[in-house]
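Given next are the chains, with one letter for each unit.
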Amino acid sequence: MSDGPVLPLDVTAIMRLLPHRYPFLLVDRVIEFSGESCRAIKNVTINEPFFVGHFPGHPVMPGVLILEAMAQTAAVHACLKLGKQAGEQAFYLVSMDKAWFRKPVVPGDQLVLTTSLLRGRGRIWKFRGEVHVAGQLVSEAEFMATLPSTLSQEASADTESDI
C-alpha cells in the first residue's frame, strides 16, 4: 500500500482485514487514516442483539462493547499502517486504562471512533481511543493489544521486547 488505502473502507473491506463477523463486528466503515490515526464509524441500531437485555424499555449500548469497537478500530489501524491483513488471527487486548464513559449510547446514534497510535512496534501496540456522537465525547480510553503473528513478524523485526 504505497499510497495508503482507498477510503472509505466499507464493511466488506474491513472483513478482509479482521476476523470479526456479525454480531461482533463493531466497525461499519473507515473514513480516515493517516498512519498515526484512524477514524471509523459504527451505526447503532435497535436491531443490535445486546439491546434485548440491556436494558428492556431503556436500550443502552454496553460500555464494554464501545471499548471493543475502539479496539477493532485500532486493529484496522494496525493493519492499514503495516499494509497487511490479519486474516483469521485475532488481536488481543492486554490492557485497558483510563476508560471513561461520559454519555449513554442509544439506538440511532452514530459512533465516530478515533484511534491514535501512541506506540507501534513489536508485538504490543498502544493506542488512545475516543468515541464521539454528534460531536460530543461519549467515551475514551488508552489500551494495548497484541498483534497476530501474521503482522507482528514484520513489526518486530527491529525490536527485541516490548513488555
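Residues numbered from 1 in each chain as written. Predicted model: local features only at pLDDT ≥ 70, side-chain atom pairs only at ≥ 80, totals over all residues. Heavy atoms only, no water.

Engineer: What is the right way to look at the nonpolar core in this model?
Structural biologist: Counting residues in each nonpolar core, the largest one holds 43 residues, and the members touching the most others are Ile14, Leu18, Val30, Met61, Phe91 and Leu111. When contributions to this core are tallied by element, the ones reaching two or more residues are helix 1 (11-17), strand 2 (37-43), helix 2 (63-82), strand 4 (110-120), strand 5 (124-133) and strand 6 (136-146). In terms of residue count, the dominant contributor to this core is helix 2 (13 residues). Here Leu18 is in contact with Gln72, Ala75, Val76, Cys79, Gly87 and Phe91, once residues within four sequence places are set aside. (Core = buried A, V, L, I, M, F, W, Y, C linked by side-chain atoms within 4.5 Å. Buried < 20%, exposed > 50% of the residue type's maximum accessible area, 1.4 Å probe, protein only. Helix = DSSP H or I, 4+ residues; strand = E, 2+ residues; numbered from the N terminus. Contact = heavy atoms within 4.5 Å.)

Engineer: Just to check I follow, could you spell out the sheet that holds strand 4 for this structure?
Structural biologist: Backbone hydrogen bonds hold the strands of a sheet together, and the pairing may be parallel or antiparallel. With respect to topology, 6 strands assemble into an open sheet ordered 1-2-4-5-6-3, the strand pairing being antiparallel. Bordering the open sheet on either side are strand 1 (29-33) and strand 3 (92-101), each of which pairs with just one other strand. Averaged over all pairs of adjacent strands, the angle between strand axes in this sheet comes to 20 degrees, irrespective of strand direction. In terms of strand pairing, strand 5 meets strand 6 through 10 bridges, oriented antiparallel. Residue Gly129 lies in a different strand from strand 6, and its bridge partner there is Ala141. (Pairing = 2+ DSSP bridges. Axes fitted to C-alpha atoms, helices over the stretch in contact; angles between N-to-C directions.)

Engineer: Is there a simple way to explain the environment of Thr45 in this structure?
Structural biologist: Assignment of secondary structure puts Thr45 in the loop between strand 2 and helix 2. The class of Thr45 is partly exposed, set by a relative accessible area of 35%. Each C-alpha atom of the pair Thr45 and Pro107 lies 4.7 Å from the other, and the pair is 62 residues apart in sequence. When near neighbours in sequence (up to four residues on either side) are disregarded, Thr45 contacts Phe51 and Pro107.

Engineer: I'm lost on the pattern of salt bridges in this one. Help?
Structural biologist: Side-chain pairs of opposite charge can arise where the charged atoms are in close proximity. All chains considered together, the criterion is met by 8 salt bridges. Glu32 is paired through a salt bridge with Arg39; the nearest N and O atoms lie 3.3 Å apart. The shortest N-O distance in the salt bridge between Glu48 and Lys42 comes to 2.9 Å. Accessibility expressed as a relative area gives 8% for Glu48, which makes it buried. Exposure remark for Lys42: the relative accessible area of 4% places this residue in the buried category. Overlapping salt bridges bring together Arg102, Arg128, Glu130 and Glu140 as one network. (Salt bridge = Lys/Arg side-chain N within 4 Å of Asp/Glu carboxyl O.)

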